[in-house]
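# A closer look at the structure
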Amino acid sequence: EEQRSHLLHSSSLFSPPEGVKLSYGTAGFRADASILRSTVYRVGILAALRSFKTQSVVGLMITASHNKVSDNGVKIVDPGGGMLSQEWEPFADQLAIAQTPEALLSLITEFVEKEKIPFDGVLSLVLLGRDTRPSGASLLEAAVEGINSIFGAIALDLGILTTPQLHWMVRARNKGMPATELAYFEQISSSFRCLVDLIPNETERNKTDNTVVVDGADGVGGEKLEVLKSMLTGLVIEVRNTGKGGGLLNDGVGADYVQKEKVAPRGFGSNDVGIRCASLDGDADRLVYFTVPTNSSSKIDLVDGDKILSLFAVFIKEQLSILTKEVKENTNNNSQARLGVVQTAYANGSSTDYLKQLGLEVIFTPTGVKHLHEKAAQFDIGIYFEANGHGTILFSESWLSWLEARNNELSLVSEGSEQQKAALRLLSVSNLINQAVGDALSCLLLVEAILQHKGWSIQKWNELYQDLPSRQLKVKVVDRTAVTTTNAETIAVSPPGIQEAIDAETAKYPKGRCFIRPSGTEDVIRVYAEASTQEAADSLADSVAKIVD
Ligand code: NG1
Ligand code: ZN
């Protein structure tokens with residue numbers, strides 16, 4: 001009874017905005033920050049309930065990633081460090097639109113009964129983080145109010161964090177491991193150091209330049225990278241667009257801008273020609289690399305998520321084969337790790353061809369990391385990336401235990417052997433790369449470690465394969481739900497006849513590939529086209545956009 005009146009009173013202070021219906025999409029709720037207080041308050045309630053239900057620590061992140069600075073958003077991190085279970089998304093939507101405190105209360109009561117959420121004697125703890133957006137502090141307060149409106153729930157504000165840091169901390173905490181920001185920095189910097197210490201002597205290290213210049217998108221990533229870089233040796237990181245110079249978040253900067261526009265971000269120019277550059281997005285879960293071309297008018301050379309994936313795949317495969325050579329002699333077959341790769345339809349066709357040539361299993365899922373993550377988790381080692389630079393490498397618990405045991409064995413019988421070094425490198429990768437979610441900071445360190453290991457320049461890396469020319473367009477439509485797709489979004493099943501029209505158009509172009517899908521974050525239909533020349537890709541995209549219109 002006390003709980004009911006407390007909730008009624010508390011929620012009366014957060015009435016929902018009129019005339020807008022937000023929904024919990026791929027990236028949680030996102031909108032103009034000025035209309036989000038009530039939604040964030042309600043997500044606070046939901047996070048508290050999620051923690052009671054799972055009897056574990058959960059997270060709540062306030063960010064709108066690569067969106068403009070006036071937007072903000074909120075999402076929940078599940079106990080394992082991943083996104084909120086999709087089963088709870090519809091309830092999030094219902095909570096957000098409940099009009100009155102009474103309606104909200106009855107929704108919650110019903111849901112608690114249906115889900116059999118236990119409250120007695122158990123603890124509920126929600127870790128909160130936010131990016132650098134000015135609206136973040138007040139929205140964070142709203143989230144805390146929401147959490148506090150449920151008796152027994154505790155809110156722990158961790159301040160300004162990257163999205164992947166919060167995911168990492170939730171996961172670490174539930175595993176009983178140290179879960180502070182310092183622990184995060186220590187883990188990734190020390191595993192980076194291990195990888196560098198294990199670089200073979202014969203690598204021609206003078207060929208590698210140990211400097212990388214990073215665009216921090218004027219957001220949280222730049223700020224955190226400044227801390228991280230002071231803990232590293234053997235790598236020089238120059239951070240630009242840290243947000244401290246007065247630049248506006250995601251405005252002409254950041255991974256989304258660089259990848260979509262294929263131009264250098266603010267603060268990069270003719271002095272940087274040929275230098276290895278990288279760009280983070282606004283909450284540091286995406287990473288792309290690029291080089292500035294000699295001709296200032298032309299586009300940058302983009303090294304996207306597909307190529308980061310390919311670099312990781314090459315390295316992992318190489319280390320696995322060193323490890324397996326030894327084990328075969330000992331007739332222990334457990335080391336035959338299933339290594340797999342997960343992409344979406346946006347992956348450049350050349351990257352897929354390349355990965356298949358490497359002998360890898362390549363799987364496709366619909367857009368959105370929760371789909372990719374789920375598939376990658378089915379391998380012993382699963383690497384997933386979206387072309388836009390969001391991705392990571394997942395190691396299964398069982399294969400990691402095998403690897404640890406194998407490493408211990410090797411250190412007794414052949415300490416310092418090539419096989420043991422390979423085992424150690426793979427263990428270091430599993431500690432460096434974020435197991436919860438794609439993380440630009442840990443991916444940056446892994447890219448840098450692998451380039452040093454191989455003695456490769458960014459140009460050499462970029463030559464792994466050559467991207468097919470591609471074009472992305474968006475078409476504004478009245479009702480984007482009219483388009484539905486199948487086969488990992490590569491085939492449109494409705495409206496009737498549209499796929500046949502796309503096929504007919506695509507057949508006109510050598511190496512042509514084209515698909516359409518409704519965006520999950522904007523009111524548009526996206527068109528993607530690939531062909532053997534840029535003109536052909538442009539023209540294919542244009543004609544398919546006309547079919548959609
Ligand atoms: P939509 O709007 O559904 O295409 C975009 C990105 C996704 C993902 C989400 C979440 C593209 C083509 N799409 O989704 O990859 O990052 O935003 O932020 O880049
Ligand atoms: Zn992001």
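Keep in mind that this is a model prediction, so the values were computed, not measured.

### A short note on the site of ligand 1
- What surrounds ligand 1 is a group of 14 residues, the closest being A27, N388, S519, G520 and T521.
- Residues belonging to the shell around ligand 1 are distributed by class as follows: two nonpolar, nine polar and three charged.

### A short note on the domain arrangement of the protein chain
- We note that the domain assignment places domain 1 (2-160), domain 2 (194-302), domain 3 (306-462) and domain 4 (470-548) within the protein chain.
- The distance between the C-alpha centroids of domain 1 and domain 4 comes to 36 Å.

### Examining the sheet that holds strand 19 (residues 524-530)
- Strands sit in the order 15-19-18 across an open sheet of three strands; the sheet is antiparallel. For this open sheet the edge positions go to strand 15 (470-476) and strand 18 (513-518), each flanked by a neighbour on one side alone. Across the sheet, the mean angle from the axis of one strand to that of its neighbour is 15 degrees, orientation sign disregarded.
- Looking at chain direction, strand 18 and strand 19 are connected through six bridges and run antiparallel. Paired with C514 across the strands is A529, a residue of strand 19.

### Some words on the pairing of strand 3 (residues 71-77)
- With respect to burial, strand 3 is a largely interior element, seven of its seven residues being buried.
- Burial of the side chains of strand 3 extends over both faces: D71, G73, K75 and V77 are buried on one face and N72, V74 and I76 on the other.
- Alignment of strand 1 (residues 29-32) against strand 3, held across four bridges, turns out to be antiparallel. The residue bridging F29 from the neighbouring strand is V74, located in strand 3.
- Judged from the four bridges that link them, strand 2 (residues 58-62) and strand 3 form a sheet pairing that is antiparallel. Bridged to G59 within strand 3 is V77.

Reading guide: rules and limits
Residue positions are given per chain, counting from 1 as you read along its sequence in written order. Each chain is given a letter, starting from A, and each ligand a number, starting from 1, according to the order in which they appear as written. Confidence filtering applies because this is a predicted model: local features only for residues at pLDDT of at least 70, side-chain atom pairs given and counted only at 80 or more, and all residues used for totals across whole chains, interfaces and linings. As used in this record, a residue near a molecule or strand is one whose C-beta atom, placed from the backbone, is within 6 Å of it. Charged means Asp, Glu, Lys or Arg here, nonpolar means Ala, Val, Leu, Ile, Met, Phe, Trp, Tyr, Cys or Pro, and polar covers whatever is left, Gly included. Segment limits for the domains were obtained from an automatic or database-derived domain assignment. When DSSP locates at least two bridges between a pair of strands, those strands are taken to pair. Only runs of H or I of at least four residues qualify as helices and only runs of E of at least two qualify as strands under DSSP, and these elements are numbered from the N terminus. Structural elements are reduced to axes, namely lines fitted to C-alpha atoms, with helices fitted over the stretch in contact, and the angle between N-to-C directions of any two is expressed from 0 to 180 degrees. Between the buried cut of 20 or more and the exposed cut of 12 or fewer other C-beta atoms within 10 Å of a residue's own C-beta lies the partly exposed class, and all C-beta atoms are placed from the backbone.

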